[in-house]
Amino acid sequence: MVLYFVLGLVSLVFIVLLVVIATMTAIHRSVGYEFPTPKQLEKDLDLNPLFRYLPDLKETLPWVSIGNFPTPIHRAEIKIPDKKQLRFYVKREDLSSPLYGGNKVRTLQHQLAIIQSRMEKEEAVKEVVVLGSSGSNQVVATVVHGCYRMGMPTFAGWIDGEAPDLDNSLNMLSAMSFKNVNYATFGNKLATFKRVFRALVYGDGVVI
């Protein structure tokens, strides 16, 4: 009897693990790939340093300019007691956009461009589903640049909470304040699960 119970438990854990792996793989592949649209190719693609060094990518890799690059590098010095002067450099990625900066802008320039291209070419793709914890910068950056700046219908799903913190609270409230954004907090995970399931199974959205 005990053996059957153990075998059943192991089987259940194995099935759950397979479901989790399959879901994470599907989310990873959700953005997919699409060639740039004619409108995207009309932009000054030389603003992208990658295209300046590898110009052949211009025709194959979607990209939209949503940041101000290069970001500055600031030099600073501090004096440590009983030690020498410490000099260091700070790469100011927080200045990558006046709307919402940070390192997320660099990856979103390609991700959102691919999604924009797919939305124009695939009638089924209608929404961006972005997931994160309550203090997620990814969620805010996607809402600001994808929804507000590029006009993409967006669903923000906060799948987990974090320790009470002013920055985390401001991130959530900021994302909630934009029009054309639907959302579900970690208190309603079922709504987020339904949205993700629909996007992955029916293909009417892209999960990032």
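A brief look at the structure comes next.

How each quantity is defined
Residues numbered from 1 in each chain as written. Predicted model: local features only at pLDDT ≥ 70, side-chain atom pairs only at ≥ 80, totals over all residues. Heavy atoms only, no water. Helix = DSSP H or I, 4+ residues; strand = E, 2+ residues; numbered from the N terminus. Buried < 20%, exposed > 50% of the residue type's maximum accessible area, 1.4 Å probe, protein only. Contact = heavy atoms within 4.5 Å. Expected span 1.5 Å × (residues − 1). Arc of directions from axis to C-beta. Core = buried A, V, L, I, M, F, W, Y, C linked by side-chain atoms within 4.5 Å. Axes fitted to C-alpha atoms, helices over the stretch in contact; angles between N-to-C directions. Parallel < 35°, antiparallel > 145°, perpendicular 65-115°, else oblique. Left-handed = near helix turned anticlockwise from the far one by under 90°. Patch = residues over 30% accessible without salt bridge, like charges linked within 9 Å, V, L, I, M, F, W, Y side chains within 5 Å. Areas by Shrake-Rupley, 256 points an atom, 1.4 Å probe, with all protein chains shown as cover. Salt bridge = Lys/Arg side-chain N within 4 Å of Asp/Glu carboxyl O. Lys, Arg positive; Asp, Glu negative; His and termini not counted. Charge placed at Lys NZ, Arg CZ, Asp CG, Glu CD. Pairing = 2+ DSSP bridges. Right-handed = clockwise from strand over helix to strand, strands pointing away.

**Looking at the overall build of the protein**
In terms of regular secondary structure, the protein is built from seven helices and six strands. Along the protein, helices (α) and strands (β) appear in the sequence α-α-α-β-β-α-β-α-β-α-β-α-β when read from the amino end. Over its C-alpha atoms, taken along the principal directions, the protein stretches across nearly 70 × 60 × 35 Å. A burial count over the protein gives 34% of its 208 residues as buried. Across the protein, every contact between residues at least 6 apart in sequence was considered, and the portion connecting residues at least 24 apart equals 70%.

**Observations regarding helix 7 (residues 189-202)**
Between its first and last C-alpha atoms helix 7 spans 19 Å; for 14 residues at 1.5 Å apiece the expected length is 20 Å, and the two agree. Of the positions making up helix 7, those classed as buried are Thr192, Val196 and Ala199. Taken down its axis, helix 7 places every buried residue within 65° of arc, on the same side. Among the exposed residues of helix 7, those pointing more than 90 degrees away from its buried face are Leu190, Phe193, Lys194, Val201 and Tyr202. Where the residues of helix 7 are buried, they touch helix 1 (2-30), strand 3 (127-133), strand 4 (154-160), strand 5 (181-184) and strand 6 (205-207). Where helix 7 ends, the next residue or the one after it, Gly203, has phi of about 70°, a positive value.

**Details of the nonpolar core**
Formed by 28 residues in total, the largest nonpolar core has its most connected members in Ile66, Leu112, Ile115, Val139, Ala156 and Ile208. Within the residue set of this core, elements represented by two or more residues are helix 4 (104-121), strand 3, helix 5 (137-149), strand 4 and helix 6 (166-176). By size, the runner-up hydrophobic cluster in this structure holds eight residues, among which are Ile27, Val129, Phe155 and Val207.

**A short note on unusual backbone geometry**
Residue Pro70 follows Phe69 across a cis peptide bond; omega there is 0°. Inspection of the secondary structure puts Pro70 in the loop between helix 3 (49-53) and strand 1 (73-79). The backbone of Asn180 sits at a positive phi, close to 70°, despite the residue not being glycine. Structurally, Asn180 can be placed in the loop between helix 6 and strand 5. Judged by relative accessible area, which is 48%, Asn180 ranks as partly exposed.

**Considering the packing of helix 4 against helix 5**
At a minimum axis distance of 10 Å, the contact between helix 4 and helix 5 shows a crossing angle of 50°. Viewed along their axes, helix 4 and helix 5 adopt a mutual orientation that is oblique. Both helix 4 and helix 5 take part in a crossing whose hand is right-handed. Between helix 4 and helix 5, the residues in contact are Lys104, Val105, Leu108, Gln111 and Leu112 and Asn137, Gln138, Ala141, Thr142, His145 and Gly146, respectively.

**Description of the environment of Val206**
By the element assignment, Val206 lies in strand 6. Owing to a relative accessible area of 0%, Val206 belongs among the buried residues under this scheme. Residues Val206 and Val129, 77 residues apart in the sequence, show an inter-C-alpha distance of 5.8 Å.

**Things to note about a negative patch on the surface**
There is a patch of like negative charges on the surface, built from Asp160, Glu162, Asp165 and Asp167. Tracing the backbone through its elements, the reader meets Asp160 in strand 4.

**Details of the environment of Val31**
Residue position: Val31 is located in the loop between helix 1 and helix 2 (38-41). With a relative accessible area of 10%, Val31 lands in the buried category. In this structure the C-alpha to C-alpha distance between Val31 and Ile115, which are 84 residues apart in sequence, comes to 6.6 Å. In this structure, Val31 is in contact with Gln111, Ile114, Ile115, Arg118, Val206, Val207 and Ile208, ignoring residues within four places of it in sequence.

**Observations concerning the pairing of strand 5**
Examined bridge by bridge, strand 4 and strand 5 share four bridges and lie parallel to one another. Looking across to strand 5, one finds that Ala156 is bridged to Tyr183. The handedness of the strand 4 to strand 5 crossover, carried by helix 6, is right-handed.

**Things to note about a nonpolar patch on the surface**
Judged by side-chain polarity, Val2, Phe5, Val6, Leu9, Val10, Leu12, Val13, Val16, Val20 and Met24 come together as a nonpolar surface patch covering roughly 950 Å² of accessible area. Relative to the helices and strands, Val2 resides in helix 1. Look at Val2 and you get exposed, because its relative accessible area is 63%.

The quantities given are spatial measurements derived from coordinates; they are silent on function.
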